[in-house]
Amino acid sequence: MATAYPDLVLVLGDAIYGDWHGEQPFVPTRASLQADWERLAAIPEFAAVREQIPFMATWDNHDYGSHAGGAEFPVKHDAKECFLSFFGEPADSPRWKRSGIYDAKIIGPKGKRVQVILLDTKFNRSTYKKDPTPKEERLKAGKVGGYLPDTDPAKTHLGAGQWKWLEAELKKPAELRLVCSSTHVIPDQKGMDEWGNFPGERQRLLDLLGTSGGVILLSGNVHFAEISRINEGVAYPLTELTSSGMTHINEIYGKAPNRFRVGEPL
């Protein structure tokens, strides 16, 4: 990464595994999360890249601190403070006062403006609906996750404050918008931690993005890479680039069905 001299590094989640150290999942503490971030900071290669290149970051479930956690997660305020401190968020940044760590920035001059929007899909998220089907049966059907689509209109992915903020951000002038979600937006068949678990919220996001041109979706989480594109039910075709797992891949997740996939998973 350092030798490519990028203008920006986007960290879209699971930079640490704050609730999982390779044995059994556990509920982290402020101290344990801080220790995990310090271990990441101590890696020489990571430290060198971080010193050389600007970072923008959001979290996924493991650096949030809970595999299936959402708004109910009891350690979320500690997790937020550890996260923002690690990435050097200025003391006067509005992120400290927001209900979550969502953020946006416009980079470049007029005519070449790139807006980077980082969504927070954890801090205000409602509880997912569990799939009672035994895991073995789900896997035979090609479903790797344990959740079902929930059509309850009271359920939310972002929370009211973040939705209002996002609407305002998409009205700002920019030639290209990179909308970053730690979890998949377009693919909706895996039953994993993804927008498809709340179909109404997913469609709301797609509709909102349709009011603003030049959008490309970026996501992570699934331990493989792929490109997805949706053409129906949207104002214009939307493309999602998923880049996930810098140290490993998960072939089972990569084989899960995705009716929106372009080409093959990597």
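These lines cover the structure that appears in this document, whether it is placed above or below.

Reading the values: the criteria
Residues numbered from 1 in each chain as written. Predicted model: local features only at pLDDT ≥ 70, side-chain atom pairs only at ≥ 80, totals over all residues. Heavy atoms only, no water. Buried < 20%, exposed > 50% of the residue type's maximum accessible area, 1.4 Å probe, protein only. Helix = DSSP H or I, 4+ residues; strand = E, 2+ residues; numbered from the N terminus. Arc of directions from axis to C-beta. Contact = heavy atoms within 4.5 Å. 1 Å grid on protein atoms, 1.4 Å probe; cavity = no way out; pocket = protein on both sides within 12 Å on 5 of 7 lines; lining within 4 Å. Points joined across faces, edges and corners; volume = space filled by probe spheres on them. Nonpolar A, V, L, I, M, F, W, Y, C, P; charged D, E, K, R; others polar. Phe/Tyr/Trp six-rings, centres within 6.5 Å; stacked < 30°, edge-to-face > 60°. Axes fitted to C-alpha atoms, helices over the stretch in contact; angles between N-to-C directions. Parallel < 35°, antiparallel > 145°, perpendicular 65-115°, else oblique. Left-handed = near helix turned anticlockwise from the far one by under 90°.

Moving on: helix α6 (residues 160–169). Of all the positions in α6, only Gln162, Trp163, Trp165, Leu166 and Glu169 are classed as buried. Projected down its long axis, α6 shows its buried positions confined to an angular sector of 165 degrees, all on one face. Opposite its buried face, α6 presents the exposed residues Ala160 and Lys164, each directed more than 90 degrees away. For α6, the elements touching its buried residues are β3 (103–107), β4 (114–118), β7 (176–181) and α7 (199–209).

Space inside the largest pocket adds up to approximately 1100 Å³. Lining the largest pocket we find 34 residues, and of these Leu10, Val11, Leu12, Gly13 and Met246 sit closest to its centre. When grouped by side-chain class, the residues that make up the lining of the largest pocket number 20 nonpolar, 10 polar and 4 charged. When its volume is computed, the second largest pocket comes out at roughly 440 Å³. Looking at the second largest pocket, it is lined by 21 residues, and the ones nearest its centre are His67, Val144, Gly145, Met192 and Tyr253. Breaking the lining of the second largest pocket down by element, the ones donating at least two residues are α3 (61–64), α5 (135–140) and α8 (251–255). Among the elements that take part in the lining of the second largest pocket, α5 stands out by supplying 3 residues, more than any other. For the lining of the second largest pocket, the per-class residue count stands at 7 nonpolar, 10 polar and 4 charged.

Okay, the packing of aromatic side chains next. Using the criterion set out here, one finds 14 aromatic pairs in the structure. Judged by centre distance (5.4 Å) and plane angle (50 degrees), the rings of tyrosine 128 and phenylalanine 198 are tilted. In this pair, tyrosine 128 sits in the loop between β4 and β5 (129–130) while phenylalanine 198 sits in the loop between β7 and α7, placing the two residues 70 residues apart along the sequence. Per residue, the accessibility class of tyrosine 128 equals that of phenylalanine 198, and both read buried.

Relative to each other, α6 and α7 sit at 20 degrees, their axes nearing to 11 Å. With respect to each other, α6 and α7 are oriented roughly parallel. Considering the relative orientation of α6 and α7, their crossing is right-handed. Residues Trp163, Leu166 and Glu167 of α6 form the contact with α7, whose participating residues are Glu201, Arg204, Leu205 and Leu208.

The next point concerns unusual backbone geometry. The backbone of aspartate 14 sits at a positive phi, close to 60 degrees, despite the residue not being glycine. By relative accessible area, which is 16% here, aspartate 14 ends up buried. Unusually for a residue other than glycine, histidine 223 sits at a positive phi of about 65 degrees. On the secondary structure map, histidine 223 appears in the loop between β8 (215–219) and β9 (226–230).

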